[in-house]
Amino acid sequence: MSDTKITALVLAAGKGTRMHSSKAKVLQTLLNEPMLHYVYAALKPIMQDNILTVVGHDAEAVQRAFPDRKTKFITQDEQLGTGHALQVSWDAVVKTGATHCLVINGDTPLVTVDALHRLTNVAGCCDVAFMTITPRDTGAFGRVVRDPERRITAIVEAKDYDLNRHGPVTGEVNAGVYLLKIDTIGPLLSKLKNENKSGEYYITDIVELAVQEGLTIDGVQCGDDISLMGINSPRELVTAENTLRSQIVNDLLDAGVLIHNPETVIIGPKVRVEPGAEIFGHCEIYGNSTVEAEAHLGSYNYILNSTFEGGSDIRQFNHIEGAIVCKGCRVGPYARLRPGAVMERDARIGNFVEMKKATLGEGAKANHLTYLGDTEVGAGSNIGAGTITCNYDGKNKFPTTIGEGAFIGSNTALVAPVTIGKDALVGAGSTITKDVPDGQGAVARGRQINIKRRLKKS
Ligand code: UD1
Ligand code: CA
């Protein structure tokens, strides 16, 4: 409808007592992304940046988790209920100049763009619309009450439901997503009361108040659509997480990604995997990671915010975070790439090698038992087993530079800051504290002496 303008209001101030955690419930993660991420992802295509969020419990942490959001956070200092959250936000909603407010519980991470469209489509037809579901277990959901003509008369919270007063339950419950017409609903907000078993102001009481005013109400029935389930407990969280996990993995399989043992593969919602990539379970791939076509990820890898170009071969049991692995590289088994690790074309790292803020040039190798921190390694260099860059003096970090074609012998300590020249060679067992010029060899270890052995006479 062209004359409707909708602002979304996300209710995210509650503590989530049933999660038994000091962390705000909306920051609990599914596939390594906070619950709120999913709510914003569903809202964004419809609302763009017309999104307000009410925060309260752990408010600063919630705001910090979404630093790029252009939209406003509103603080509900005391969490006196969902109706109170609406009251404290209403001025901000009205100021956006919207005709309607789409209110959504922040603990609804499976909600889809399609479901939200079904609600926004009825914007022109009523004063209050909300989504209803008929789940197998109606649990603690608010019950939808209808009169004999099937007209909605109220939403009654489970604990306040009185069979004598409200009649037999219908099985239809409130999903916690509402569309409110600002002109007609605004005046009702001050009438909300907290006379109920929880002593809270309920947003759901708006419905009964609207009926009393003769306003129009619509319940958009979504059947047993599990995408509208709220998350209140650890069990509900992992149920939703499993649903999301299999959706993502199945979509990738359908798109042409070869995923072996798919039920053991976990891929986050922001990860990009190209058709033609091959992944073996168990694997976890999270954050802003990219796996290009022809990249190969072996089993038991944990990956966060990393990029794998086509033709890279990630063997088993690696821990990889914030890394870039270019074409033709080989990693592991048992390697650790930490943030800032860059492997240029055809580079290799092997077992028990750790890289942090370090670049391995084209074709360079560090195949065994090595730490490269704050280090640049030139193309074609070989880093021997047991090489350690000593980059930290207890206070500060210092860089190590290794030129192209250098050869670092096994069990070498490179005490930074230090530069090993192009085509230079370092003898095994050296502790290098001074620069080694291009093309020169350096040995820095005790000279070997051989002494005649005294054997005990028997
Ligand atoms: C709510 C509905 C219930 C519905 C269910 C759907 C009410 C009174 N009940 O119940 O009818 O079936 O959702 O999932 O609304 N919040 C605030 N400030 C507060 C309290 C809560 O922002 O003072 C936020 C929470 O962070 C949460 C959302 O509102 O994201 C819903 O609160 P919650 O306590 O989970 O409500 P439910 O008991 O699930
Ligand atoms: Ca809830």
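These figures come from a predicted structure and were not determined experimentally.

**What about the packing of helix α1 (residues 35-47) against helix α4 (residues 113-120)?**
Next up, step 1: Interhelical geometry of α1 versus α4 gives an angle of 50 degrees and a closest axis separation of 9 Å. As summarised for this structure, α1 and α4 are arranged oblique, according to the angle between their axes. When the axes of α1 and α4 are compared, the crossing they make is right-handed. Each of A41, A42, L43, P45, I46 and M47 in α1 lies in contact with α4, whose residues at this interface are V113, L116, H117 and T120.
Next up, step 2: Looking at the contact of α1 with α4, its residues break down into eight nonpolar, two polar and no charged.

**Here we look at helix α3 (residues 82-95)**
Next up, step 1: In this model α3 runs 20 Å from its N-terminal to its C-terminal C-alpha over 14 residues, within 8% of the 20 Å that 1.5 Å per residue would give.
Next up, step 2: Of all the bends in α3, the largest measures some 50 degrees and sits at S89.
Next up, step 3: Residues of α3 that are buried: G83, H84, A85, L86, S89, W90, A92 and V93.
Next up, step 4: Phi turns positive one or two residues past the end of α3, at G97, with a value near 80 degrees.

**Focus: the environment of L80**
Next up, step 1: For L80, the location among the structural elements is in the loop between β5 (73-75) and α3.
Next up, step 2: A C-alpha to C-alpha distance of 46 Å links L80 and A255, two positions 175 residues apart in sequence.
Next up, step 3: The contacts of L80, once residues within four sequence positions are left out, are E200 and Y201.

About the cut-offs
Positions within a chain are numbered from 1, following the residues in the order the chain's sequence is written. Chains carry letters and ligands carry numbers; both start at the beginning, A for chains and 1 for ligands, and go up in the order they are written. Where local features are concerned, this predicted model is filtered to residues with pLDDT of at least 70; where side-chain atom pairs are given and counted, the filter is 80 or more; whole-chain, interface and lining totals use all residues. Think of the side-chain values as coming from all heavy atoms in the structure, minus any hydrogens and water. Between the N-to-C directions of two axes lies an angle of 0 to 180 degrees, each axis being a line fitted to C-alpha atoms and, for a helix, fitted only over the stretch in contact. Comment: elements are numbered from the N terminus, with helices defined as DSSP H or I runs of at least four residues and strands as E runs of at least two. Each angle receives one of four descriptions, namely roughly parallel if under 35 degrees, roughly antiparallel if over 145, roughly perpendicular if within 65 to 115, and oblique otherwise. Crossing handedness is defined as follows: a turn of the near helix away from the far one that is anticlockwise and smaller than a right angle gives a left-handed crossing, while the clockwise case is right-handed. Working rule for contacts: check all heavy atoms of both residues, and any pair within 4.5 Å makes them a contact. Here the nonpolar group is Ala, Val, Leu, Ile, Met, Phe, Trp, Tyr, Cys and Pro; Asp, Glu, Lys and Arg are the charged ones; every other residue, Gly included, is treated as polar. To estimate how far a helix should extend, the number of its residues minus one is multiplied by 1.5 Å. What the bend at a residue measures is the angle between two axes, fitted to the seven residues ending there and to the seven starting there. Only protein chains enter the calculation, and the probe is 1.4 Å; a residue is then buried if its accessible area is under 20% of its type maximum, exposed if over 50%, and partly exposed in between.

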